[in-house]
Amino acid sequence: MSQTVLYGGTFNPIHRGHLEICLRAREAVGAQEVLLMPAALPPHKSTGELAPDRDRLAMCALAAEPYGFISVDDYEIRRGGRSYTVDTLRYLTQIRPGEKFWLLMGTDMFLTFTQWRDWERIGELATLLVAAREEEDLGRLEAQKAALEKLGVPSVLLKNAPLPMSSTEIRRELRETGTTQKVSPRVLAYIQERGLYQHDSQDLPYLREYIRPLMTDYRYRHSLGVEKQAAHMAEIFGADVHKASVAGILHDVCKDLPKGALLQNILESGIINGIDFKASPQLIHGYAGALYIQTHLDIHDPDIIDAVRYHTTARAGMSLLETIVYLADLTSEDREYADVEEMRRLCDHDLREAMARALTHTVGELVRKNKPICPDTRGACREYCVPIPTGDGGTQ
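Residues numbered from 1 in each chain as written. Predicted model: local features only at pLDDT ≥ 70, side-chain atom pairs only at ≥ 80, totals over all residues. Heavy atoms only, no water.

Colleague: What is the right way to look at the overall build of the protein chain in this model?
Modeller: Scanning the protein chain for helices and strands turns up 19 helices and 6 strands. Relative to the compact-globule value of 21 Å for 396 residues, the protein chain shows a C-alpha radius of gyration of 24 Å, a close match. Along the longest, intermediate and shortest principal axes, the C-alpha atoms of the protein chain span 70 × 50 × 35 Å. By the burial criterion, 52% of the 396 residues in the protein chain qualify as buried. Long-range pairs, those at least 24 residues apart, make up 69% of the contacts in the protein chain with a sequence separation of at least 6. Of the accessible surface of the protein chain, which amounts to about 17,700 Å², a share of 50% is contributed by carbon and sulfur atoms. When the 46 positive and 56 negative side-chain charges of the protein chain are each reduced to one mean point, those points stand 4 Å apart. (Helix = DSSP H or I, 4+ residues; strand = E, 2+ residues; numbered from the N terminus. Rg over C-alpha atoms; globule rule 2.2 N^0.38 Å. Buried < 20%, exposed > 50% of the residue type's maximum accessible area, 1.4 Å probe, protein only. Contact = heavy atoms within 4.5 Å. Areas by Shrake-Rupley, 256 points an atom, 1.4 Å probe, with all protein chains shown as cover. Lys, Arg positive; Asp, Glu negative; His and termini not counted. Charge placed at Lys NZ, Arg CZ, Asp CG, Glu CD.)

Colleague: Any chance you could explain the nonpolar core here in plain terms?
Modeller: Side chains of a nonpolar character, in soluble globular proteins, are inclined to be buried together. Judged by nonpolar contacts, the single largest core of 67 residues is most densely connected at L250, I293, L327 and L359. Considering every element that reaches this core, the biggest residue donor is helix α18 (residues 351-368), with 8 residues. Setting aside its immediate chain neighbours within four residues, I293 contacts L250, V253, D298, I299, I304, I305 and V308. The next biggest cluster of nonpolar side chains, apart from the first, holds 33 residues, and it includes F11, I21, C22 and A25. (Core = buried A, V, L, I, M, F, W, Y, C linked by side-chain atoms within 4.5 Å.)

Colleague: Help me understand the environment of L6, please; the structure alone is not making it clear to me.
Modeller: If you trace the backbone, L6 turns up in strand β1 (residues 3-9). Of the residues examined, L6 reaches a relative accessible area of 3% and is grouped as buried. For the pair formed by L6 and W102, sequence separation is 96 residues and the distance between their alpha carbons is 6.0 Å. Non-local contacts of L6, meaning those with residues more than four positions away in its chain, are made with L35, M37, T88, L89, L92, W102, L103 and L104.

Colleague: Can you help me understand the sheet that holds strand β5 (residues 127-130) in this one?
Modeller: Backbone hydrogen bonds hold the strands of a sheet together, and the pairing may be parallel or antiparallel. Pairing is parallel across the open sheet formed by 6 strands, whose spatial order is β3-β2-β1-β4-β5-β6. If you trace the sheet from one side to the other, it starts and ends with β3 (70-72) and β6 (155-157), each paired once. Neighbour-to-neighbour, the strand axes of the sheet open up by a mean angle of 25°, direction not taken into account. As paired strands, β5 and β6 are joined by 3 bridges and run parallel to one another. If you follow L128 over to β6, its bridge partner there is S155. In this fold helix α2 (residues 53-64) packs onto β1, β2 (33-38) and β3, with an angle of close to 160° to the strand it touches most, β3. (Pairing = 2+ DSSP bridges. Axes fitted to C-alpha atoms, helices over the stretch in contact; angles between N-to-C directions.)

Colleague: Help me understand unusual backbone geometry, please; the structure alone is not making it clear to me.
Modeller: Across the junction of N12 and P13, the peptide omega takes the value 5°, indicating a cis bond. Looking at the secondary structure, you find P13 in the loop between β1 and α1 (16-29). One non-glycine residue, N370, adopts positive backbone phi at about 60°. Within the secondary structure, N370 is located in the loop between α18 and α19 (375-383). Among the residues examined, N370 registers a relative accessible area of 70% and is labelled exposed.

Colleague: So what exactly am I meant to see when it comes to the side chain of E99 here?
Modeller: Within the secondary structure layout, E99 lies in the loop between α4 (85-95) and β4 (100-105). For E99, a relative accessible area of 18% translates into the label buried. Reaching out from E99, the side chain makes a polar contact with the side chain of R96 at a distance of 3.2 Å. What E99 contacts, discounting residues up to four positions off in sequence, is M1, S2 and T4. (Polar contact = N/O pair within 3.5 Å; in protein donor to acceptor, adjacent residues only side chain to side chain.)

Colleague: Explain the side chain of T331 here, please?
Modeller: Turning to its location among the elements, T331 is positioned in helix α16 (residues 320-331). Looking at T331, its side chain comes within polar contact range of the main-chain oxygen of L327, at 2.8 Å. Each residue touching T331, except ones within four places of it in the same chain, is listed here: Q229, Y337, M343, R344 and C347.

Colleague: How do you make sense of the packing of aromatic side chains when you look at a structure like this?
Modeller: According to the stated counting rule, one finds 9 aromatic pairs in the structure shown. Between F113 and W116, the ring centres sit 5.2 Å apart and the planes meet at 55°, which makes this aromatic pair tilted. Grouped by ring-pair contacts, the aromatic residues F113, W116 and W119 constitute a single cluster. Across the ring face of F69, the terminal group of R26 is positioned such that the distance to the ring centre comes to 4.2 Å. (Phe/Tyr/Trp six-rings, centres within 6.5 Å; stacked < 30°, edge-to-face > 60°. Lys NZ or Arg CZ within 6 Å of the ring centre and 35° of its normal.)

Colleague: So what exactly am I meant to see when it comes to the pairing of β4 here?
Modeller: On a regular strand, one side chain projects to one face of the sheet and the next to the other, so that they alternate. For β4, the tally of buried residues reaches 5 of 6 residues, placing the bulk of the element in the interior. In the sheet, β1 pairs with β4 via 5 bridges, with the strands oriented parallel. Bridging across to β4, Q3 finds its partner in K100. With 4 bridges connecting them, β4 and β5 associate as parallel partners. Bridge pairing in β5 links W102 to T127.

Here you go:
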């Protein structure tokens, strides 16, 4: 029986670590072919930083050329839209009947496998083949393997040396130095010729373009409005206008992305501040956004990170930038509610009064809807002397 390893991903860009895993996978299972399948719009990752489809296909072809057993398939890109592995496997098993498929994946994908669309069916169509990225991943991978086997999903863990190489790090190196040794010479020459991955991660025109495909039209207009209002308030109160603009345009970067994968990232980070995110899903995007801008955009300024993280909850001891972004989110030009003009006036003159009024409204709505009030918001209420209604006419 012919055996093929299916290796999907963004390959943004394809690097030496990817190729090493292809070699190890082929050796481990005796496969005749490793099939690279670049994704058009992967559901588990962001899309704004992707190089164009044609460029990622070309880089994969250049990287695969020296290896006779590696081929590249453009099926997912030709199909367009979001790339779901179950659909790809259905397609491959139809055009290659009787062939055995191995699905090659890394640590993150394996640990979140049961969040994939039709994951049970995937387990029927292919055997999972897993490569560790870090040494400390091995224990978690063994535990997940045992758990999935109980659910009827077979898997094999590659006995490869962990490969910490990541496309995110390579993009950062390319942006900072214009070169890298972590991709093949052919791929590097292509990247340099095409000028890929050369953007400044805090360049506002770039960020506006970046977030556009991640959002609905409404969310995008709102983000532009928050950027504008945050810059306006920063000028008035002496905050860093550029930081305010960056935090403003990015504050909702995760708002329209799938909540399941975002929550998994938050839980793995350990930064949850006592929040029950399942009971308060509206808070996921702020915390996820703070992680996202670090891992996907290489933004590590703590002021910007905290402004994104707390723009929905607020907290005690907020910085001036955090306060501005929190209020800009409530008073951007797209907002329409009864006293929005008064809120905008306060935001131009009295940040403390604006915060007190905003928190009063927020906790009142949470109590009215019988929603939990997270510890961060409670801390902000104490700082701004905002009583929290109890629902029975009293206050806390």
